[in-house]
Amino acid sequence: MSDIDQSTTPAAPGYTRLKRADRDIVALGIAVSAILMFVGTGGPALSAIVREAAGLGLGPSQLLSNAVLLNVALIIFGWRRYHELTIEVATRRRTEAYVRLLAETDALTGCLNRRSVGPATDALIADAKARGEATAFLMIDLDNFKLVNDCHGHATGDQLLVECARRIKSLVPPRSLVARLGGDEFACVVAFDPRNRERVDHLAAAIIAGVSAPVAFGEFSGQVTVSLGLTRSDGQNRLNSGPINAATLLHMADIAMYQAKKGGRNRHLWFEDTMESELRYRSEMENGIRDGISRNEFVPYYEQQIDLTSGELMGFEMLARWHSPKFGAVGPEVFIPIAEEIGLISELSESLIAQALADARGWDPKLTLSINISPVQLRDPWFAQKILKLLVAANFPPNRLDIEVTETCLHDNLAGVHALVTSLKNQGITISLDDFGTGYSSLAQLRTLPFDRLKIDRSFVMSMAEDADSETIIQTIAALGKGFNLPITAEGIESEEVLAKLAKLGQFKGQGYLYGRPQPASLVTEMLEARQRLAPSEALEAVRELVASRIAPAAKTQRSA
Ligand code: C2E
Ligand code: CA
Ligand code: CA
C-alpha cells in the first residue's frame, strides 16, 4: 500500500467530531472542580473531626458533612465519566479509522481506490512542490485482461490483478502512491526532480516490463501487456490554463494512455496538447456515426464498371458516402475504420446494402452490383445468413450480387473465409478479391479460395502511365489471372492513355474517373433512363416509390440539422 498515512485525513467528516470529543474537558472539569471544592470544604470539616476526637470542641456541622460527602460523590462521578469517555473515544477512533481505510482502499489489491487517489495526489503535489520537485501521474491499463477474465474466470482474473498490483508497488520509489482506478486500470503518482524526466521514463518502462513478465499460478500461466500514459504537474502541455491538480493530471494521463493503446499497446506515451483535440474530434465522429445510421445520413454512391473490350456498362460498385450535418461529406476511408472499431460496421453496412439492393432492382437486370465488405464482417458467423436475408427482403437475384473482399482478410482467418466464401458462392453470389497486389495473398491461397475475379489495386493502374514497374506488375497479374482462370478488373482508370495501355495487356473489366465519379442513386437512374437500361416499368415504379420514401426522411433530418 502507499506510504501516505491514510488513517488521518483531516477532511474526513468524523475527524472533527472525534477531535472535539477527544478534548471534551467538561467531565474532567467536574472532577477537578470537585477536588478543589473538596480541598476548600474538606479542610474545615477534617479539622472539626480532629478537634471533636481530641475532646476539644464540637464536630463538623450537618451542612459541612453533607457538602463533603457530595464533593466525594462528584469526584468519583467526574473521574469515572472522564475515564469512560477516554475509552469510548479510543474505540470510536479505531472504528472510524478502519471504516475510512475500507472506503479509501481497493479491497482486492490494497491499493488506494479512485475516490481516495485524488486527495492523496493533491497532497503529494503540494508536498513535492514545497521540496522543489514535480509530480508525475502514470495511468496503467492492462491490454488483454478481459481475455483472461473471459477464458479463465474471475477468480483467476482477480489473482492476476493482485499480482500486477504487487509488481507495480515493488517498482515505485518510496512515498509514491499506487491506486487501482477500477477494472484493470492502475495509477502511480511519484514525485521527481523536474530536471530528470528520464527517471520517470525508466520507471514507466520498468512497470511495462515488470507487469508484462509471464505470470503463473494454479493451472494458469500467461502474460498481459500494459499500455501506459503519463503526464507531469509542471509540464508545458496541459489541457487549459486552469490549475493543475489531481483531476487534470488523471484526465491527461488517461488521454495519453488511450493514445498509447491505439498506437500499438505495450508502450508508454507522455500527454501532448494535440491528443486532447484529436480525442474530442474522434468522440464527436463516433457519436455522429451512431446518430447518422438511424438518420439515414449514410448513402450508397455508384461507380460504373465497364467491359473494356466492348465499352459496355456491366454494373456498378457501391461506395459508401456520409452526408454528415456536422462534418460535411465524409469518405469511407475515414468512417469505415471508426465504425469497425466501435462495433457498428455490420449495422452500417447492412443499411447500405439494403438501400443498394433496392436501387439496383430498378436497373436493367443484366447489371451487377458489387459491394465492399469489411474484414470484421467476414468474421461474423452469421454473415452469409444476413446477406441472404437482405437479398430475400429486396427480392434481388443472388447472381447479380458480387462481394468484394480485400486481401488483408485472408491472413486473418483463412479457414473461416474459405467456409464463408464457399457458402456465399453456393447461393450464386460471386466473390472478387479487391486491392490485389497490396496484400500478401500467396499463390496457394489464390488456388484454394474459390474467387471469381481479381481487382488490380488502383495504385498500379493510376501510376501506369509514368511508372514502367506498375505496367510490369499489371502484366504479371494479367498472366496470373490467365493461369488461374480468373477474370480481372482494373480500377482507377483516369485517362485514355492508361486505357490504351490496358487494352494491350489483355481483356479486362475496368472502372475509374474516366467513366465519371461515383454518383448517387438518383443520377444513376437518370443516366440509365437515358440509355434505356432501366428495369421494366412496373419494377421501376416500385423502385421509385422506395427511393422516394427513403429520401424524404433523410432530407427532413438534413433540413432540421
Ligand atoms: P475500393 O473498394 O478500392 O474503392 C475504390 C476507391 O477508389 C473509391 O474510393 C473510389 O472512389 C476510388 N476511385 C475509383 N476510381 C478512381 C480513379 O480513377 N482515381 C482515383 N484516384 N480514385 C478512384 P472511396 O469511395 O473513397 O472508397 C475507398 C474505400 O473504402 C474503398 O476502396 C473500399 O475499400 C472502402 N469502402 C467503400 N464503401 C464501403 C462499404 O460500404 N463498406 C466497406 N466495408 N468498405 C467500403
Ligand atoms: Ca472495392
Ligand atoms: Ca479496390
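Overview of the confidence of the model for the chain
Thinking step 1. For the chain, the average pLDDT comes to 87, and 89% of its residues sit at 70 or higher.
Thinking step 2. Confidence drops under a pLDDT of 50 for residues 1-15, and excluding neighbours within four residues, the segment shows 26 contacts in the predicted structure.
Thinking step 3. Note on residues 557-561: pLDDT is under 50 here. Beyond four places in sequence and across chains, it has three contacts.

Considerations on the nonpolar core
Thinking step 1. Judged by nonpolar contacts, the single largest core of 74 residues is most densely connected at Leu369, Ile387, Leu401 and Ile403.
Thinking step 2. Examining the composition of this core, we find that seven residues originate from one element, helix H11 (residues 345-360), more than from any other.
Thinking step 3. Counting 33 residues, the second-largest nonpolar core is a separate cluster that includes Cys164, Ala165, Phe186 and Leu230.

Overview of the coordination of the calcium ion (ligand 3)
Thinking step 1. Only Asp434 (OD), Asp435 (OD), Glu491 (OE) and Glu491 (OE) from the protein coordinate the calcium ion (ligand 3), and they sit 2.1 to 2.7 Å from it.
Thinking step 2. Separating the calcium ion (ligand 3) from the calcium ion (ligand 2) is a distance of 3.9 Å, and Asp434 supplies a donor atom to each of them. With Asp435 in strand S13 (residues 430-436) and Glu491 in strand S15 (residues 488-491), this residue pair connects regions lying 56 residues apart in the sequence.
Thinking step 3. Look at Glu491 and you get buried, because its relative accessible area is 6%.

Comments concerning a nonpolar patch on the surface
Thinking step 1. A contiguous nonpolar patch, built from Ile30, Leu70, Leu74 and Phe77 and spanning about 350 Å² of accessible area, is present on the exposed surface.
Thinking step 2. Top contributing element to the nonpolar patch by residue count: helix H3 (residues 62-104), with three residues.
Thinking step 3. You can see Ile30 is positioned in helix H2 (residues 26-53).

Focus: the site of ligand 1
Thinking step 1. Around ligand 1, 23 residues are found, and the nearest of them are Glu303, Arg321, Asn372, Glu494 and Tyr513.
Thinking step 2. A distance of 3.3 Å is found between an oxygen atom of ligand 1 and a side-chain nitrogen or oxygen belonging to Asp435.
Thinking step 3. Contacts to ligand 1 include Glu494, whose side-chain N or O atom sits 2.5 Å from a nitrogen atom.
Thinking step 4. For ligand 1, whose free accessible area comes to 790 Å², the fraction covered by protein is 89%.
Thinking step 5. Secondary structure elements with two or more residues in the shell around ligand 1: strand S9 (313-324), helix H10 (332-341), S13 and helix H17 (458-462).

Focus: the coordination of the calcium ion (ligand 2)
Thinking step 1. Donor atoms from the polypeptide that bind the calcium ion (ligand 2) are Glu317 (OE), Asn372 (OD1), Glu404 (OE) and Asp434 (OD), placed at 2.1 to 2.3 Å.
Thinking step 2. Counting the intervening residues between successive donors of the calcium ion (ligand 2) yields the motif E-x54-N-x31-E-x29-D.

Comments concerning the environment of Asn426
Thinking step 1. Looking at where Asn426 falls in the secondary structure, it is placed in helix H15 (residues 414-426).
Thinking step 2. Assessed through its relative accessible area of 63%, Asn426 is described here as exposed.
Thinking step 3. For the pair Asn426 and Pro398, spaced 28 residues apart in sequence, the C-alpha separation works out to 9.9 Å.

Description of the pairing of S9
Here is the key point about a regular strand: its side chains alternate between the two faces of the sheet.
Thinking step 1. Counting buried residues in S9 gives nine out of 12 residues, a clear majority hidden from the surface.
Thinking step 2. Judged from the nine bridges that link them, strand S8 (residues 298-307) and S9 form a sheet pairing that is antiparallel. Directly across from Gln305, in S9, lies its bridge partner Gly315.
Thinking step 3. The turn joining S8 and S9, which pair antiparallel and follow one another in sequence, is formed by five residues; a positive phi near 80 degrees is taken by Gly311.
Thinking step 4. Inspection of the sheet shows S9 paired to strand S11 (residues 368-372) by three bridges, in the parallel sense. Bridge assignment links Phe316 to a residue of S11, and that residue is Leu369.
Thinking step 5. Relative to strand S10 (residues 328-330), S9 is paired through three bridges, and the arrangement is antiparallel. In the sheet register, Ser324 faces S10, and the bridge partner there is Gly328.
Thinking step 6. Once S9 ends, the chain turns through three residues before running back antiparallel as S10.

Regarding a negative patch on the surface
Thinking step 1. Where like charges cluster on the molecular surface, the negative patch consists of Glu466, Asp467, Asp469 and Glu497.
Thinking step 2. Along the chain, Glu466 falls in the loop between H17 and helix H18 (468-484).

Comments concerning the packing of helix H4 (residues 114-130) against helix H8 (residues 246-262)
Thinking step 1. It is at 8 Å that the axes of H4 and H8 come closest, and there the two elements cross at 110 degrees. Comparing the axis directions of H4 and H8 gives the class roughly perpendicular. Across the interface between the two elements, Arg114, Gly118, Thr121, Asp122 and Ile125 of H4 pack against Ala246, Leu249 and Leu250 of H8.
Thinking step 2. Here the contact of H4 with H8 is built from residues that sort into four nonpolar, two polar and two charged.

Thoughts on the pairing of S8
Thinking step 1. Burial analysis of S8 places nine of its 10 residues in the buried class, the great majority of the element.
Thinking step 2. Summarising the sheet, S8 and strand S17 (residues 519-520) pair through two bridges and their orientation is antiparallel. Within S17, the residue paired with Tyr302 across the bridge is Gln519.
Thinking step 3. Alignment of S8 against strand S16 (residues 509-511), held across two bridges, turns out to be antiparallel. Within S16, the residue paired with Ile306 across the bridge is Gly510.

Cut-offs applied
Residues numbered from 1 in each chain as written. Chains lettered and ligands numbered in written order. Predicted model: local features only at pLDDT ≥ 70, side-chain atom pairs only at ≥ 80, totals over all residues. Heavy atoms only, no water. pLDDT = per-residue confidence, 0-100. Contact = heavy atoms within 4.5 Å. Core = buried A, V, L, I, M, F, W, Y, C linked by side-chain atoms within 4.5 Å. Buried < 20%, exposed > 50% of the residue type's maximum accessible area, 1.4 Å probe, protein only. Helix = DSSP H or I, 4+ residues; strand = E, 2+ residues; numbered from the N terminus. Donors = N, O, S within 2.8 Å, 3.2 Å for Na, K, Ca; no water. Patch = residues over 30% accessible without salt bridge, like charges linked within 9 Å, V, L, I, M, F, W, Y side chains within 5 Å. Areas by Shrake-Rupley, 256 points an atom, 1.4 Å probe, with all protein chains shown as cover. Salt bridge = Lys/Arg side-chain N within 4 Å of Asp/Glu carboxyl O. Near = heavy atom within 4 Å. Polar contact = N/O pair within 3.5 Å; in protein donor to acceptor, adjacent residues only side chain to side chain. Pairing = 2+ DSSP bridges. Lys, Arg positive; Asp, Glu negative; His and termini not counted. Charge placed at Lys NZ, Arg CZ, Asp CG, Glu CD. Axes fitted to C-alpha atoms, helices over the stretch in contact; angles between N-to-C directions. Parallel < 35°, antiparallel > 145°, perpendicular 65-115°, else oblique. Nonpolar A, V, L, I, M, F, W, Y, C, P; charged D, E, K, R; others polar.

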